[in-house]
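Descriptive analysis of the structure
Single-letter residue listing:
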Amino acid sequence: MENSTITTGVRQNRSTKIRFQYEDDDLELDQDETIEEAATGSSNLEEDSAMCEPDDSILGSDKTSADYYFDSYSHFGIHEEMLKDVVRTKTYQNVIYKNSFLFKDKVVLDVGAGTGILSLFCAKAGAKHVYAVECSQMADMAQEIVKVNGFSSVITVLKGKIEEIELPVGQVDIIISEWMGYFLLYENMLNTVLYARDKWLVSNGLVLPDKASLYLTAIEDAEYKEDKIEFWNNVYGFDMSCIRKQSMMEPLVDTVDQNQIVTNSQLLKTMNISKMTAGDASFTAPFKLVAERDDYIHALVAYFDVSFTNCHKLTGFSTGPKSRATHWKQTVLYLEEVLTICQGENIVGSMTVAQNRKNPRDVDITLKYSLSGRRCLVSRTQSYKM
C-alpha cells in the first residue's frame, strides 16, 4: 500500500542480499530455503483501495491521511510502482499460476483490485468468476483493462467500498488481496479483508495470503540520523529543534543496508488472516534483541513477511533488509539516545501497536526499551505515529 503522507528516504549505495531467484521468469525462494528460514534467520499496497473518492464537503476542512487515502489510488504512479515491484507481483502470479487447482472453477473476490492484475491472474488460471472490487477511480480503468484483454465474461469490476457494495453472489470460494501497507498495518486495509471474509467467504474457503508476520531488529545509523533528525537543531544558523521533536515521532520508510544491522531479528506478531479478528491487529509484543557485535544503535527497524500456506509448495516473500528490495522498504524508528552496546548484550522491551483513535488508517506505536550494559544504561518510552 502506498500513501504520500508517509516520509520516505532515498539512500545511496545500498546493497541487498537477494533471497529470490529467477528461473524461466519465475520468482521463488532459494532451493534450500523456506519462508520460515528467510524470516527467522534475519529475513527478506499496492493496488488495494478500500475507500472512495473524497466528498466535496471535506475540501477546505482539516484533513487526515484518511481523507487523502480516499482517492490516492486514482493516480497511475502508485500502481506503476506496485506493478513494477517484481517480488510482490511475481509472487502473486506464481501463487496463482502454479496452484491453478485452487482456482479452477472457483468464485474469487479480489479486495482492492486496483488495475485488476490479480483478477486477471485468477481468470487466466481458470477461475469460474472473479469479482474485482475497487473504490477509487481506477475501477473505470480496470473495467477497460478487463475488456481489452478479453475477460469481460469472467471478471466483473465493482466500484465501491467493500463495506457498502452488494455482490451478485451470496458467497465466494476465495478472497485474494494485496492489503499490506508500510509497517504491514498502515492504512488498515486488513480490516476490510476481514470484513469481506466474514460476510462472503464459504466455510473452509481460502484467504490469500493467509499469514503475515511482523519483525524487529536494530541498526547503526549515525550518518542518516544526523541528516534526517539532527539537521533541525541548526538550520542555516537557526534553531528549529521543535521540528526535530516531531520528526522523531514519525517513522521513516526507507531501505536499510543489511550491513547496518547490529542485532538478531525478533518476531513480534504473526497474524492468521483466515482466523483472526479485527482487534488482533492491535497488540503489545515483548522483544529481546541481542547484539551480534560491539556497535552503536540509533534506530529499531520493523519489517514483515507474508506467506501463502495453502499452496502446493509454501510460497511467500519478505520485506526485510536482508532480502530483495520491495516498494514497502522497511520502517525505521529512531531512538532519542544513541545506545552503546557490546556483543552479547540485550535490548529488552515491548512494542504496542494500535489504530489511531481519530483516524483508524493511521498507526500509533509505543516503544518501551532498556539496555543495561557495560557502557550504557538506558530505560525509555517513545511514541510514534504513522
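Scroll up to find the structure.
Residues numbered from 1 in each chain as written. Predicted model: local features only at pLDDT ≥ 70, side-chain atom pairs only at ≥ 80, totals over all residues. Heavy atoms only, no water.

Further remarks concern the sheet that holds strand β17 (residues 377-385). Spatially, β11-β15-β16-β17 is the arrangement adopted by the four strands of the open sheet, whose pairing is antiparallel. With one partner strand each, in any of the chains shown, β11 (283-290) and β17 form the two edges of the open sheet. For this sheet the average axis-to-axis angle between neighbouring strands, irrespective of direction, equals 15 degrees. Of the pairings in the sheet, the one linking strand β16 (residues 363-372) to β17 comprises nine bridges and is antiparallel in character. By the bridge assignment, K368 is partnered in β17 with T381. (Pairing = 2+ DSSP bridges. Helix = DSSP H or I, 4+ residues; strand = E, 2+ residues; numbered from the N terminus. Axes fitted to C-alpha atoms, helices over the stretch in contact; angles between N-to-C directions.)

If you walk across this open sheet you meet the five strands as β5-β4-β3-β6-β7, and the pairing is parallel. At either end of the open sheet lies a strand with only one pairing partner, and these are β5 (155-159) and β7 (201-208). For this sheet the average axis-to-axis angle between neighbouring strands, irrespective of direction, equals 20 degrees. Here five bridges tie strand β4 (residues 129-134) to β5, and the two strands are oriented parallel to one another. If you follow Y131 over to β5, its bridge partner there is T156. Packed onto the sheet, helix α6 (residues 117-124) meets β3 (107-111), β4, β5 and β6 (172-177) and runs at close to 180 degrees relative to β4. (Contact = heavy atoms within 4.5 Å.)

In this structure, T91 sits in helix α4 (residues 86-97). Overall, the relative accessible area of 1% leaves T91 in the buried class. Through-space distance from the C-alpha of T91 to that of F317 is 7.3 Å; in sequence the pair is 226 residues apart. (Buried < 20%, exposed > 50% of the residue type's maximum accessible area, 1.4 Å probe, protein only.)

Right, let's get into the environment of L216. Residue position: L216 is located in strand β8 (residues 211-219). Along the primary structure L216 and K288 are separated by 72 residues, whereas in three dimensions their C-alpha atoms are 9.4 Å apart. Setting aside anything within four residues of it in sequence, one finds L216 in contact with N264, S265, Q266, L268, F287, L289, L300, V301, A302 and M351.

Close approach of charged atoms allows side chains of opposite charge to pair. On inspection of all chains with the given rule, the structure shows twelve salt bridges. Where E336 meets R244, a salt bridge forms, and the shortest distance between an N and an O atom there is 3.5 Å. In this pair, E336 is assigned in strand β14 (residues 330-341) and R244 in helix α10 (residues 241-249), connecting sequence segments 92 residues apart. Assessed through its relative accessible area of 13%, R244 is described here as buried. With a closest N to O distance of 2.9 Å, R380 and E337 form a salt bridge. (Salt bridge = Lys/Arg side-chain N within 4 Å of Asp/Glu carboxyl O.)

All right, on to the packing of aromatic side chains then. With the rule as written, the count across this model stands at seven aromatic pairs. With centroids separated by 5.4 Å and ring planes inclined at 10 degrees, the aromatic side chains of Y215 and Y303 adopt a geometry described as stacked. With a gap of 88 residues between them, Y215 in strand β8 and Y303 in strand β12 (residues 295-308) connect regions that are remote in the sequence. Exposure remark for Y303: the relative accessible area of 1% places this residue in the buried category. (Phe/Tyr/Trp six-rings, centres within 6.5 Å; stacked < 30°, edge-to-face > 60°.)

Okay, the packing of α4 against α6 next. As a packed pair, α4 and α6 sit with axes 9 Å apart at the nearest point and diverge in direction by 25 degrees. It follows that α4 is roughly parallel to α6 by the angle criterion. The handedness of the crossing between α4 and α6 is right-handed. Facing T89, Y92, Q93, I96 and Y97 of α4, the residues of α6 in contact are L118, F121, C122 and K124. (Parallel < 35°, antiparallel > 145°, perpendicular 65-115°, else oblique. Left-handed = near helix turned anticlockwise from the far one by under 90°.)

The next subject is α6. An α-helix turns once per 3.6 residues; consequently, residues spaced three or four apart project the same way. For α6, the tally of buried residues reaches seven of eight residues, placing the bulk of the element in the interior. Within the span of α6, buried status applies to I117, L118, S119, L120, F121, C122 and A123. Positive backbone phi, at 105 degrees, marks G126, one or two positions downstream of α6.

These results come straight from atomic positions and should not be treated as a statement about function.
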